[in-house]
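Structural description and commentary
The chain contents come next:
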Amino acid sequence: MTDPIPVRADSAPECRTCGAGAPVDEHFCPNCSRILALGRHGDYFTFLGLPRKLTLSAADLERRFRELSRKFHPDYFYNASPAERLASLERSSYLNDAYRTLRHPVSRIEHLLAIEGMPAAKSETEGAKVPPSLLEEVFALNEELDEIREQRESGVDPTALHARLEVARDPIDRKREEHETRLNELATRWDSQEQASPQDRRATLEALRERLLERNYINNLLATIDREVESLSALRLADAGSGSGDVQ
Amino acid sequence: MSHVVGIDLGTTNSLVAYVKNGVPEVIRSSDDALVPSVVSIGEDGTIFVGREAQRRLLTAPSRTVYSVKRFMGRGIDDVRDDASLLPFTIGGEPGGVIRIGIAGREFTPPEISAFVLKELKHRAEEFFRAQGEFDFEVDRAVITVPAYFNDAQRTATRDAGRIAGLEVLRIINEPTAASLAYGLDKRNRGTIAVYDLGGGTFDISILKVEDGVFQVLSTNGDTHLGGDDIDNLLVQMVLADIAGSASPAELIQVIRKAVIQAKLDLSDADATGIRVDPSPVLPNGYQRHITRAEFEALIHPLVERTMAPVRQALDDAGLEPGDIDEAVLVGGSTRIPLVRKKVAELFGRTPHTELNPDEVVALGAALQADILISGRREMLLLDVTPLSLGIETMGGVTSKIILRNSTIPASGREMFTTGVDNQTAVDVHVVQGERELATDCRSLARFKLRGIPPMPAGLPRIEVRFQIDANGILSVAARELRTTIEQTIEVKPSYGLTEGEVERMLIESFEHAEADFEARLLIDARNEAESVILATEKSLRHPDLDVVAAELKPGELERIRVALSDLKQVMTATEREVIHEKTHVLNHATQHLAEVLMNRSVREALAGRNVTDI
């Protein structure tokens, strides 16, 4: 915390070592071959030399990550100039962020939406709205949860309630599987739309964004059920009357 | 060219290693690789480190500090529970750095650790000098820390290195260092679990090795779980047996020494005794029998406590225990059979123990130092940050900016704005941890963003950039995006030293260098004397002494005993010449006895008896 890194200049694609110009997505200066400051950089796909597609090979991604790590890592710039050390630190950080983001299908979609200029699929106002595709399930689940909570508070056997929760979880799990399939279909559609009209591509992005909002909602529902399961488990433990074995 | 080394700065013991022709080696001093991480202050202000300080745990417990690693980067509130068994006092402001009070002086944990580091630096320099190196100075080091150390603990370790006059090339994680030393990249590509149970800390790291890249997938642990806790359980068991009596520092230290011996015995034997000789603090002495089964029942909950972090690390890596190709054991506490058994059971395979678990981390640190200096590219460590980094937002809730198990270096950014019109400063609180509420996380730093141009509330857009470097240490930068005015950030580390304090301590350590040099010569003299005393006492206890006495000159044994007691009497003297002289006399007096015993051993061996029987 004692060595704040200098804030990087926003407008300098040129090499800090030799002053030559360099294309935005080059990692090393074509003129003097020194590592370039991050400066104005492209997106995670281009940084890793990948096309802007949602289907990718995990093994290929990992190989690219390892290869670039071997080029950028601060370990190899220990004796370099301060400018190169900073460039190595920034470029490695960016590489690590890029790899982590692209490795997981969902964060990969989120990144695609961001670089395609779509608003984030996390907006608080939208997140609170029930997606139309889920209306029926949400209504049923909320009723069931209310009843289970009431019964729990009035001392009904937690084991029986636990079984009811499992049953209530089933339709949500099914929705989740359905959702995965649709998300994959959309991803495949995006990958085939390279030559498509801007309107069609935009429509796919909109649909992907809708799906992500739906996904957040499903995950929140599952988390709510998990929390209820936890409070039941705590009750059952307390009922068993056994002291915890925790030594902390 | 000056030298670089790798240092394992341990809770109980520390070591230093270097790389020669690509092969890492631990630097020993008379065959002893370990420097006990103990610091003691003599009545005359002399600083003792290592074996000598460890001996003083018994004779001067209130002037002696051990296990200081447990206090690095921590606050007084974190360690109150530990304080009851400690012979030294700990204090400090709540929410600030701990102050350790010994011998009427106050030290911060980094200063105490710096004494240990200086000792290791000295040991390495003596070694290179003895090798006939023209430039034997050691000025740069890679220092290891538990993988689960947070930012404050890492920063404290780096500060300790600087106070000791070392340029800290890199802070690396102990389990990762160990995997490097095992050279697992050469024999395997696959998934490795490193289980590291040391004197005070527990770490688990899951790594993937391919093409010479050691990529940590996840790490977890407990920075307050290790051999010390096992010792404390045994000490408490003995204290309960000696019911009623008070437990002064001296008593606890003699008990600690006895139970540690018993613990070590039980790694090989099925049963042993805990024996405390009668002394003023315990007039009747103490003795009890303990079986390995009893010992295992006692420590079972502690060993169990390591399993939750292991499962969490596997979970974070998206793996099952069966996915692990190799398990590696690191740390002295993994010599305990119960620990080995539990690890073998979990992963369904016999863990690697080929390398000395005490030395493997220092070897890896030396390899990493060599990589940094030489630019060799065969191997690359890609480690992760063990804990999520976040900031406190409205309502005291944590907003995570860099998630745990992110590969480092890692960066993250967060936008801030103002709450009232013409506000020119914003307070930011940086925390580390997984909990929802900022108060449940570790506070790393507070800072104020200043110099925001006066604007209506909510209009400024201040970007704060967090950068975790390859050491796992955080730095912060900020700017206002509308005006691109750079913000000044004064970071006040919550549990650390300020830049100014580190500078001052470094200057002080130079000012004391001359006095330290004299003190060093005195300590060397005492150490030499101590080893001659120990060797002599061993000879005098030799079972065949009565038999060989006939071969000795009249009065020879008596002369040895007198020389021995003379030397013992001057051991605490501050004139090293006196100690030298008496050491020389004792050495001379025992020469003949040593020869006689040696000859007898040789004769016995030739007569068909095994040398080890003698």
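Residues numbered from 1 in each chain as written. Chains lettered and ligands numbered in written order. Predicted model: local features only at pLDDT ≥ 70, side-chain atom pairs only at ≥ 80, totals over all residues.

**Some details on the overall build of chain B**
Selection criterion: For the purposes of this entry, the term helix denotes a DSSP run of H or I that reaches at least four residues, the term strand denotes a run of E that reaches at least two, and both are numbered from the N terminus. Computation of the radius of gyration draws on C-alpha atoms, with the globule rule given as 2.2 Å multiplied by the number of residues to the power 0.38. With C-beta atoms placed from the backbone, a residue counts as buried when 20 or more other C-beta atoms lie within 10 Å of its own, as exposed when 12 or fewer do, and as partly exposed for counts between those limits. C-beta atoms are placed from the backbone for every residue, and two residues are taken to be in contact when these atoms lie within 7 Å.
For chain B, the count of helices and strands is 17 helices and 28 strands. Whereas a compact globule of 614 residues would reach a radius of gyration of roughly 25 Å, chain B reaches 27 Å, a difference of no more than 12%. A burial count over chain B gives 46% of its 614 residues as buried. Across chain B, the fraction of contacts at a sequence separation of at least 24, relative to all contacts at a separation of at least 6, is 67%.

**Comments concerning the overall build of chain A**
Scanning chain A from N- to C-terminus turns up 8 helices and 0 strands. Ordered by position from the N terminus, the helices and strands of chain A form the series α-α-α-α-α-α-α-α. When burial is assessed residue by residue, chain A has 23% of its 248 residues classed as buried.

**Looking at the sheet that holds strand β5 (residues 38–41) of chain B**
Picture the strands of a sheet paired through backbone hydrogen bonds; they go either parallel or antiparallel. Residues and elements named next belong to chain B. This is how the line gets drawn: By the convention used here, strands pair only if DSSP detects at least 2 bridges between them. Axes here mean lines fitted to C-alpha atoms, for a helix over just the part in contact, with angles spanning 0 to 180 degrees between N-to-C directions.
Taking strand neighbours across the sheet as the criterion, the 3 strands line up as β6-β5-β7 in an open arrangement whose pairing is antiparallel. Only two strands of the sheet have a single neighbouring strand rather than two, namely β6 (47–49) and β7 (64–66). Across the sheet, the axes of successive neighbouring strands diverge by a mean angle of 15°, strand direction being ignored. Where β5 and β7 come together, 3 bridges link them in antiparallel fashion. Opposite valine 38, over in β7, you have tyrosine 66 as the bridge partner. Each of β5, β6 and β7 touches helix α3 (residues 109–130); the most contacted strand, β6, lies at about 65° to it.

**Structural notes on the confidence of the model for chain A**
Residue and element names in this part refer to chain A. Using the following cut-off: How sure the predictor is of each residue is captured by pLDDT, a score from 0 to 100.
Of the residues in chain A, 85% have a pLDDT of 70 or more, and the chain-wide mean is 81. Within chain A, helix α5 (residues 124–128) has the poorest average pLDDT of any element, 57, and helix α2 (residues 58–72) the best, 93. Confidence drops under a pLDDT of 50 for residues 1–12, and excluding neighbours within four residues, the segment shows 29 contacts in the predicted structure. Contacts from residues 242–248, a stretch scored under 50 in pLDDT, to residues over four places away or in other chains number 4 contacts.

**Digging into the sheet that holds strand β15 (residues 213–222) of chain B**
All names here are of chain B. Pairing is mixed across the open sheet formed by 5 strands, whose spatial order is β18-β13-β14-β15-β19. Each of the sheet's edge strands pairs with one partner strand only, and the pair in question is β18 (326–330) and β19 (380–382). Strand-to-strand twist across the sheet, computed as the mean angle between neighbouring axes with direction ignored, equals 25°. Of the strand pairs in this sheet, β15 and β19 are connected by 3 bridges, and their pairing is parallel. Along β19, the bridge assignment pairs glutamine 215 with leucine 382.

**Digging into the nonpolar core**
Where we set the bar: Connectivity within a nonpolar core runs through C-beta atoms within 7 Å, and the core itself is a set of buried Ala, Val, Leu, Ile, Met, Phe, Trp, Tyr and Cys residues.
Residues Val5, Ile7, Ala17, Ala365 and Ala366 of chain B are the most contacted members of the largest nonpolar core, which totals 152 residues. Among the elements that take part in this core, helix α12 (residues 360–374) of chain B stands out by supplying 10 residues, more than any other. Excluding residues within four positions of it along the chain, isoleucine 7 of chain B makes contact with Ser14, Val16, Leu117, Leu120, Ala141, Ile143, Ala362 and Ala365 of chain B. Of all hydrophobic cores here, the second largest spans 18 residues; its members include Cys29, Phe72, Leu86 and Leu89 of chain A.

**Considerations on the packing of α3 of chain B against helix α4 (residues 151–163) of chain B**
All names here are of chain B. Note the following rule: Throughout this description, any angle smaller than 35 degrees is read as roughly parallel, any larger than 145 degrees as roughly antiparallel, any in the 65 to 115 degree range as roughly perpendicular, and the remainder as oblique. Crossings are classed by handedness, with left-handed meaning an anticlockwise turn of the near helix from the far one by less than a right angle and right-handed meaning a clockwise turn. Residue classes follow a fixed rule: Ala, Val, Leu, Ile, Met, Phe, Trp, Tyr, Cys and Pro count as nonpolar, while Asp, Glu, Lys and Arg count as charged, and any other residue, Gly among them, counts as polar.
Where α3 contacts α4, the axes come no closer than 8 Å and their chain directions differ by 55°. As judged from the angle between their axes, α3 and α4 are oblique. Where α3 crosses over α4, the two elements pack in a sense that is right-handed. Listed contacts from α4 to Pro109, Pro110, Glu111, Ser113, Ala114 and Leu117 of α3 are Ala156, Asp159, Ala160, Gly161 and Ile163. Broken down by class, the residue content of the contact of α3 with α4 amounts to 7 nonpolar, 2 polar and 2 charged.

**Some words on α4 of chain B**
All names here are of chain B. What counts here: Take the residue count of a helix, subtract one, and multiply by 1.5 Å to get its expected span.
Over its 13 residues, α4 extends 18 Å from the first C-alpha to the last, a length consistent with the 18 Å expected when each residue adds 1.5 Å. Within α4, 13 of the 13 residues are buried, which leaves it mostly tucked inside the rest of the structure. One or two residues past the end of α4 sits glycine 165, with phi positive at roughly 80°.

**Let's talk about the environment of leucine 367 of chain B**
Residues and elements named next belong to chain B. Mapped onto the elements of the fold, leucine 367 is located in helix α12. Here the alpha-carbon distance between leucine 367 and valine 19, two residues 348 residues apart in the chain, equals 6.4 Å. If we skip the residues at most four places from it in the chain, leucine 367 touches Gly6, Val19, Pro24, Leu180 and Ala181.

**Thoughts on unusual backbone geometry**
Residue and element names in this part refer to chain B. Cis geometry marks the peptide bond from isoleucine 408 to proline 409; its omega dihedral reads 0°. Positionally, proline 409 belongs in the loop between β21 (398–402) and β22 (410–416). One non-glycine residue, serine 67, lies in positive phi territory at about 50°. Position of serine 67 relative to the elements: it lies in the loop between β7 and α2 (80–83).

**Observations regarding the pairing of strand β11 (residues 138–145) of chain B**
All names here are of chain B. Quick reminder of the rule: Crossover handedness is defined here as right-handed if the route from the first strand over the helix to the second strand goes clockwise, with the strands pointing away from the viewer.
Burial within β11 is extensive, with 6 of its 8 residues counted as buried. Relative to β11, strand β1 (residues 3–9) runs parallel, the two sharing 6 bridges. Bridge assignment links valine 5 to a residue of β11, and that residue is alanine 141. Pairing of β11 with strand β12 (residues 167–173) involves 6 bridges; the strand directions are parallel. Bridge assignment links valine 145 to a residue of β12, and that residue is asparagine 173. For the crossover that starts at β11, traverses α4 and ends in the parallel β12, the hand is right-handed.

**Thoughts on the environment of isoleucine 109 of chain A**
Residue and element names in this part refer to chain A. The residue isoleucine 109 is located in helix α4 (residues 105–115) in this model. On the basis of neighbour count, isoleucine 109 is assigned to the buried category, with 22 C-beta atoms found within 10 Å. Residues isoleucine 109 and glutamine 199, 90 residues apart in the sequence, show an inter-C-alpha distance of 18 Å.

**A short note on the environment of asparagine 471 of chain B**
Position of asparagine 471 of chain B relative to the elements: it lies in the loop between β25 (462–468) and β26 (474–480). For the pair asparagine 471 of chain B and arginine 158 of chain B, spaced 313 residues apart in sequence, the C-alpha separation works out to 9.4 Å.

**Brief notes about α3 of chain B**
Relative to the 32 Å expected for 22 residues at 1.5 Å per residue, α3 of chain B spans 32 Å between its end C-alpha atoms, a close match to the ideal helical length. Looking one or two residues beyond α3 of chain B, the residue adopting positive phi is glycine 132 of chain B, at roughly 80°.

**Here we look at the confidence of the model for chain B**
Taken residue by residue, chain B gives an average pLDDT of 86. The fraction at 70 or more is 93%. For the stretch residues 609–614 of chain B, pLDDT sits under 50, and the model shows 6 contacts to residues farther than four places along the chain or on other chains.

**Focus: the packing of helix α7 (residues 227–241) of chain B against helix α9 (residues 292–305) of chain B**
Residue and element names in this part refer to chain B. In contact at an axis separation of 10 Å, α7 and α9 are set at 145° when each is read in the N-to-C sense. The handedness of the crossing between α7 and α9 is right-handed. Contacts between α7 and α9 involve Asp229, Ile230, Leu233 and Met237 from the former and Leu298, Ile299 and Leu302 from the latter. Classifying every residue of the contact of α7 with α9 by side-chain character gives 6 nonpolar, no polar and 1 charged.

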